[in-house]
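Descriptive structure summary
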Amino acid sequence: MARPGSGVLVSMGAGLGYSSQSMARVVVWEWLNEHSHWRPYSAAICHHIENILKGDARGTVILGQVDPQLAPYVIDLQSMHQFRQDTGMMRPVQRNFYDPSSAPGKGIVWEWENDCGSWTAYDMELCVSIQNAYEKQHPWLDLSSLGFSYLVDFDGMSQTNRQSQRKRRIRRRMDLAYPLIAGSIPKSQSWPVGTNSGTPCTCQQCLLVHSTRVASNAILALQQRRKLYGTEGGANQDTAAVRQSNTFAGTSLCSPTTTVARGHHNNISIGGGGGGKVEMNGVNFPRIPALVTLPAKHALTINGQNNLNRPGMQRITVTPSRGTIPPGVPALPVKNLTGSGPVHPAFAGMTGILMCAAGLPVCLTRAPKPILHPPPVSKSDLKPVPGINGICRKTKKKHLRKNPEDVVQRYTEKIKSAPDEDCTICMERLAAASGYDGVLTYKGIKSELIGKLGKCGHIYHLLCLIAMYSNGNKDGSLQCPTCKAIYGEKTGTQPPGKMEYHIIPHCLPGYSDTKTIRIVYDIPAGIQMKEHPNPGKKFSARGFPRHCYLPDNEKGRKVLKLLITAWDRRLIFTIGTSSTTSETDTVVWNEIHHKTEFGSNLTGHGYPDPNYLDNAMRELAAQGVGEDNLKD
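Read on for an overview of the structure. From a predicted model like this one, the values you see are computed outputs, not experimental measurements.

Strands belonging to one sheet form pairs held by backbone hydrogen bonds; the direction of such a pair is parallel or antiparallel. If you walk across this open sheet you meet the three strands as E24-E25-E26, and the pairing is antiparallel. Across the chains shown, the open sheet's two edge strands, defined by having one partner strand only, are strand E24 (412–415) and strand E26 (459–461). Between one strand axis and the next, the sheet turns by 40° as a mean value, whatever way the strands run. Strand direction decides the pairing type here: strand E25 (residues 450–453) and E26, joined by three bridges, are antiparallel. Following the sheet pairing, Lys452 is matched in E26 by Ile459. The strands that helix H6 (residues 404–411) touches are E24 and E25; relative to E24, the one it contacts most, it runs at about 80°. Against the sheet, helix H7 (residues 462–470) touches E24, E25 and E26, its axis set at about 80° to E26.

As a further point, take the packing of aromatic side chains. In this structure the tally under the stated criterion is twelve aromatic pairs. Relative to Tyr607, the ring of Tyr511 has its centre 5.9 Å away and its plane inclined at 85°; by these criteria the two rings are edge-to-face. Placement of Tyr511 in the loop between strand E29 (498–504) and strand E30 (516–522) and of Tyr607 in the loop between strand E35 (586–589) and helix H9 (612–622) is noted, with a sequence separation of 96 residues between them. In textbook terms, an aromatic cluster arises when at least three aromatic residues are bridged by ring pairs, as seen for Tyr521, Phe544, Trp567, Phe573 and Trp589. Lys455 extends its terminal NZ or CZ atom over the ring of Tyr487, reaching a point 4.9 Å from the ring centre.

What follows is about the nonpolar core. By size, the foremost hydrophobic cluster in this structure holds 38 residues, and its most contacted members are Met499, Ile519, Tyr521, Leu550, Leu560 and Leu563. For this core, the elements supplying multiple residues, two or more each, are E29, E30, strand E33 (546–551), helix H8 (554–568), strand E34 (573–576) and H9. Dropping the residues within four chain positions of it, Tyr521 is found in contact with Lys498, Met499, Phe544, Pro545, Arg546, Cys548, Leu563, Trp567, Ile572, Phe573, Trp589 and His594. The next biggest cluster of nonpolar side chains, apart from the first, holds 37 residues, and it includes Val26, Val28, Phe97 and Trp110.

What follows is about the environment of Arg171. Note on placement: Arg171 falls in strand E13 (residues 167–174). For Arg171 and Glu113, which are 58 residues apart along the polypeptide, the C-alpha to C-alpha distance reads 8.2 Å. Sequence-distant contacts of Arg171, that is, excluding residues within four places in its chain, are made with Val109, Trp110, Glu111, Trp119 and Met157. At a separation of 2.6 Å, a polar atom in the side chain of Arg171 contacts the side chain of Glu111.

Read across the sheet, four strands follow the order E23-E29-E30-E33 without closing on themselves; strand pairing throughout is antiparallel. Where the open sheet ends on each side, the last strands, each with one partner, are strand E23 (392–394) and E33. Sheet twist, expressed as the average angle between the axes of neighbouring strands with direction ignored, equals 20°. In terms of strand pairing, E23 meets E29 through three bridges, oriented antiparallel. Counterpart to Cys392 in the pairing with E29 is Glu500.

This paragraph deals with the side chain of Lys595. Among the structural elements, Lys595 can be located in the loop between E35 and H9. Of the residues examined, Lys595 reaches a relative accessible area of 3% and is grouped as buried. Dropping the residues within four chain positions of it, Lys595 is found in contact with His547, Cys548, Tyr549, Gly604, His605, Gly606, Tyr607, Asp609 and Tyr612.

Moving on, we come to the pattern of salt bridges. Side chains bearing opposite charge may pair, as long as their charged atoms lie close to each other. Summed over all chains, the structure comprises 23 salt bridges. We note a salt bridge from Arg173 to Asp175, for which the minimum N-O separation is 3.5 Å. Accessibility expressed as a relative area gives 28% for Arg173, which makes it partly exposed. The salt bridge involving Asp614 is made with Lys555; its shortest N-O contact spans 2.9 Å. Here Asp614, found in helix H9, pairs with Lys555, found in helix H8; they are 59 residues apart in sequence, far enough to count as distant. One continuous salt-bridge network, built from bridges that share partners, spans Asp115, Arg166, Arg168, Arg542 and Glu583.

Turning our eyes to something else, we now look at the pairing of strand E12 (residues 158–161). Working note: regular strand, side chains alternate between the two faces of the sheet. Here E12 shows no split at all, with Ser158 and Thr160 on one side and Gln159 and Asn161 on the other all buried. Relative to E12, strand E11 (residues 150–153) runs antiparallel, the two being bridged by four bridges. Its bridge partner lying in E12, Leu151 is registered against Thr160. Hairpin remark: E11 followed by E12, antiparallel, with four residues in the connecting loop; positive phi at Met157, about 50°. Direction of pairing for E12 relative to E13: antiparallel, over a ladder of three bridges. Its bridge partner being in E13, Gln159 is matched across the sheet by Arg168. Taken together, E12 and the strand that follows it, E13, pair antiparallel across an intervening segment of five residues, in which Gln165 is found at a positive phi of about 65°.

Conventions adopted
Residues numbered from 1 in each chain as written. Predicted model: local features only at pLDDT ≥ 70, side-chain atom pairs only at ≥ 80, totals over all residues. Heavy atoms only, no water. Pairing = 2+ DSSP bridges. Helix = DSSP H or I, 4+ residues; strand = E, 2+ residues; numbered from the N terminus. Axes fitted to C-alpha atoms, helices over the stretch in contact; angles between N-to-C directions. Contact = heavy atoms within 4.5 Å. Phe/Tyr/Trp six-rings, centres within 6.5 Å; stacked < 30°, edge-to-face > 60°. Lys NZ or Arg CZ within 6 Å of the ring centre and 35° of its normal. Core = buried A, V, L, I, M, F, W, Y, C linked by side-chain atoms within 4.5 Å. Buried < 20%, exposed > 50% of the residue type's maximum accessible area, 1.4 Å probe, protein only. Polar contact = N/O pair within 3.5 Å; in protein donor to acceptor, adjacent residues only side chain to side chain. Salt bridge = Lys/Arg side-chain N within 4 Å of Asp/Glu carboxyl O.

Any functional reading would require information that these geometric values do not contain.
Spelled out as structure tokens, the structure:
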């Protein structure tokens, strides 16, 4: 049966969070992935965290006590970080609040079906928005304004990618409700967040964004007043319509029928000499020096964001014709915010808003696309990298697993008298029994025994070290959870594949005097092995072959040698959950960043980047692949 009513385009922040006036709210704990997306913990985990929080607000939460698959993870409530004991990876966590009548308060979870046939939960803000639309009996929901190019169809219980038109099944299921607490709620903040949760951030970026919003709101009020009361002036006055493009959905800055008259009643002054304000029909704005004299290549942004590159945002056009640009009209191309420019993006945003409201002709163009690949190269132009044998490596067979007791005893020495401090793995006193007493049992390893690691000297319960090792790859190596020192040769769980490397006759930005080393990784889909998250289950491999680039100089070749060593140790990729698509059981990068953008740096994964090679060597060293591993 078809659902009544019309579809809805979800608005930013609609239905998200919870009003600070209410005394009861639902708590959802979330962790931040590498793409700045907050991913929610399960309701059971959140109940566990809240129980620990009541007893000790600065304590440690061991997630493995609730979910065995999360055994390597602990949360430090004092620093608000999640720590993975076997890899040393740390991620921020946060405590978010929602209305008790929202999806997490009712225990409702919305999920989409991935390629392996399993189900992946939506981010919590998406789950709340989807449930709100579902309860209001909307037939569909557009998620583009939240940064996701998907259309949710409730009649067919499916989601469609608006770009690729690929359709996936979705489902709504009941689960445990998230914990409900009472008390005052912290006020919400806008990005970027300041250090004081009670007052707005006063950094330069926030002030600029706030001033842009003030200008935008004032102009909206001015447009509405003119719409209601009309404007004075003769019939021969010029007008310029401010229209919204049909290409983008969302809320228009101005009404499609609103016109801005340009006459003596439109009292506008921008830039120029003395004074400290921009005046428009009695509305005053802070003066910005030389607002009109923007460089031709600078970005036009609104509210500090590149709105024209985001689905669901408005596009403003103030030209007589959408197909042509009159001569003399200044073009303000939208540029990525990470790019350089003499004028702050928020200044450009305010300028664009004021010029559009005044009826001044402004042409907004799209941002340049990233240059991901070099020009075509023939096989005869591909040359081997000097000083490196061969041009191809295949994944070696997995390393044999070793006995946990033998590994721990190999790298530690027993200590008779325990120091007066905590074991940072189980957070129990070293003089007391291990927190894993009764959970793990190993012959010859008593729960009271403690040991000191050889190189760094940090002390732990031997049973805790065995538990940490057992939750990892069991490759015969051990990593200190305090200082991240690695004992032995660390290996990963990278599935079988091929790594190729050669020199191409093209230059990277910032390295005009050198050619380029191109690395090509290719991993096919397959079946997970014992060391992977779900043994026997299929895993996908998206985006392969993946092309990466290094400058062909001394340091670039050194990084390539280290990457080859990391590949041989199966450390470049792993199987997990994609941080961009939330797809589970898929091949993902494993903590070692690569440059995948050849001719630009619009995504942050390209050149020029003078610090990349040094950063890559530090990341490789953190995985146990340092310069001491290089062979002469």
